[in-house]
Amino acid sequence: MDQLSFLRGFADRGQKAQKVVDGILARDAALERVTRKRFMIRGTRIIEDLEHGREMSGEDIRHAVSRLGVKPHHHNAWGALIMNAVRLKLILPTGRDTKMKDRRSHARKTPIYRII
């Protein structure tokens, strides 16, 4: 049993226990926000350093960022990183697609981007 589950058992026993649980929840939420922000900053810096003019899919960019040890809190954050790079004009959609290579991606189509 983790710390939070243990404390939730005491939450109905009084206001003091509830404050402890609320504090743990607030701490965990703050840590998650920091982790998200850190991932976006580090991932964006790596994209900035990619070879200019090179064409890559979002999957290729994900692999490049991951190889340097930068991983998100949730797999959906990869899409947010790519969209952030587009908004910052670090990458530009070429209008072409390619099939993803990872087995878990089931060869679905993904846009190709040019590193600016």
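Note that the structure is predicted; figures quoted are calculated from it, not measured.

Q: What am I meant to see in the overall build of the protein chain here?
A: Helices and strands together make up the secondary structure of the protein chain, namely four helices and three strands. The order of helices and strands in the protein chain, counted from the N terminus, is α-α-β-α-α-β-β. In the protein chain, which comprises 116 residues, the share counted as buried stands at 30%. Within the protein chain, contacts between residues at least 6 apart in sequence are counted, and of these 55% link residues at least 24 apart. Summed over its atoms, the accessible surface of the protein chain is roughly 8200 Å², and 53% of this surface lies on carbon and sulfur atoms.

Q: How should the nonpolar core be read in this particular structure?
A: Soluble, globular proteins show a tendency: their nonpolar side chains are buried together. Within the largest apolar cluster, 18 residues are counted, with the highest numbers of intra-cluster contacts made by Ile-47, Leu-50, Ile-61, Val-65 and Ile-91. For this core, the secondary structure elements donating two or more residues are helix H2 (15-48), helix H3 (58-67), helix H4 (77-87) and strand E3 (109-115). Top contributing element to this core by residue count: H4, with five residues. The contacts of Ile-47, once residues within four sequence positions are left out, are Ile-61, Val-65, Leu-81, Ala-85, Leu-90, Ile-91 and Ile-115.

Q: Could you clarify how one ought to interpret the packing of H3 against H4 in this entry?
A: Any two packed helices are characterised by the angle at which their axes cross and by the distance between the axes. Look at H3 against H4: their axes get within 11 Å of each other, and the N-to-C directions meet at 105°. Comparing the axis directions of H3 and H4 gives the class roughly perpendicular. Residues Gly-58, Ile-61, Arg-62, Val-65 and Ser-66 of H3 lie in contact with H4, whose contacting residues are Trp-78, Leu-81 and Ile-82. The class makeup of the residues in the contact of H3 with H4 is five nonpolar, two polar and one charged.

Q: Could you clarify how one ought to interpret the packing of aromatic side chains in this entry?
A: Given two aromatic rings, their pairing is described by the distance between the two centres and the angle made by the two planes. Evaluated as defined, the whole model comprises one aromatic pair. Taking 5.2 Å as the distance between ring centres and 85° as the angle between the ring planes, the aromatic pair formed by Phe-39 and Trp-78 counts as edge-to-face. Within this pair, whereas Phe-39 is found in helix H2, its partner Trp-78 is found in helix H4, the two being separated by 39 residues in sequence. Exposure class is identical for Phe-39 and Trp-78. Each is buried.

Q: Please clarify how the sheet that holds E3 should be interpreted in this entry.
A: In any sheet, the strands associate via hydrogen bonds between backbone groups, in a parallel or an antiparallel arrangement. Within the open sheet, the three strands sit side by side as E1-E3-E2. Their pairing is antiparallel. With one partner strand each, in any of the chains shown, strand E1 (55-57) and strand E2 (91-99) form the two edges of the open sheet. Direction aside, the axes of adjacent strands within the sheet are offset by 35° on average. Summarising the sheet, E2 and E3 pair through six bridges and their orientation is antiparallel. Following the sheet pairing, Leu-92 is matched in E3 by Arg-114. Most of the contacts of H3 go to E1, to which it runs at about 90°, and overall it touches E1, E2 and E3.

Cut-off values and rules
Residues numbered from 1 in each chain as written. Predicted model: local features only at pLDDT ≥ 70, side-chain atom pairs only at ≥ 80, totals over all residues. Heavy atoms only, no water. Helix = DSSP H or I, 4+ residues; strand = E, 2+ residues; numbered from the N terminus. Buried < 20%, exposed > 50% of the residue type's maximum accessible area, 1.4 Å probe, protein only. Contact = heavy atoms within 4.5 Å. Areas by Shrake-Rupley, 256 points an atom, 1.4 Å probe, with all protein chains shown as cover. Core = buried A, V, L, I, M, F, W, Y, C linked by side-chain atoms within 4.5 Å. Axes fitted to C-alpha atoms, helices over the stretch in contact; angles between N-to-C directions. Parallel < 35°, antiparallel > 145°, perpendicular 65-115°, else oblique. Nonpolar A, V, L, I, M, F, W, Y, C, P; charged D, E, K, R; others polar. Phe/Tyr/Trp six-rings, centres within 6.5 Å; stacked < 30°, edge-to-face > 60°. Pairing = 2+ DSSP bridges.

Any link to function would need more than the numbers given here.
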